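Here is how the chains run, residue by residue.
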Amino acid sequence: MEDTEIKNKILRFLSANDVCVFNCGYAIHSKNISESLKISYEKIKKLMKEMKKDGLVVYENKVYSRLEDYEMQEYSKFRNIGWLLTDKARQTAIWKEESEKEKKIFKECFGE
């Protein structure tokens, strides 16, 4: 499989994650992308760097706080490390296709 084909698979995978109504928009690590697409980790890392240079993805390493117990106001923290799409990626045909698929699923499940 050529690099362009693999980049399109990655973009589709990240786009599906980006538009999913059940996802909170968390970044996805290269290892998760590699395992999901069944492509070597080294290849994914290389292509993600290229996609970053192309302005399609950004790398996030962020700590989030999440309210665990509303009554006691106890928070837990977790680190989210991985890749997110940029606005440039959200203008691609692949992202728009995935967005339309998600809208269709949403309408089927929840109505208009």
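Residues numbered from 1 in each chain as written. Predicted model: local features only at pLDDT ≥ 70, side-chain atom pairs only at ≥ 80, totals over all residues. Heavy atoms only, no water.

Enquirer: Just give me the short version of the overall build of the protein chain, but keep the residues and values in it.
Expert: Across its full length, the protein chain holds 4 helices and 2 strands. Along the protein chain, helices and strands appear, N-terminal first, in the series α-α-α-β-β-α. Considered along the principal axes of its C-alpha atoms, the protein chain spans approximately 55 × 35 × 25 Å. Per-residue burial for the protein chain yields a buried fraction of 30% across its 112 residues. Taking all contacts inside the protein chain whose residues are at least 6 apart in sequence as the whole, residues at least 24 apart take part in 60%. (Helix = DSSP H or I, 4+ residues; strand = E, 2+ residues; numbered from the N terminus. Buried < 20%, exposed > 50% of the residue type's maximum accessible area, 1.4 Å probe, protein only. Contact = heavy atoms within 4.5 Å.)

Enquirer: Account for the packing of aromatic side chains, with residues named and values stated.
Expert: According to the stated counting rule, one finds 3 aromatic pairs in the structure shown. When the ring of Phe22 is compared with that of Phe110, the centres are 6.4 Å apart and the planes differ by 55 degrees; the resulting orientation is tilted. Here the residue Phe22 occupies a position in the loop between helix H1 (3-19) and helix H2 (30-37), and Phe110 occupies one in helix H4 (residues 93-110), the gap between them amounting to 88 residues. Of the two residues, Phe22 and Phe110, both sit in the exposed class. (Phe/Tyr/Trp six-rings, centres within 6.5 Å; stacked < 30°, edge-to-face > 60°.)

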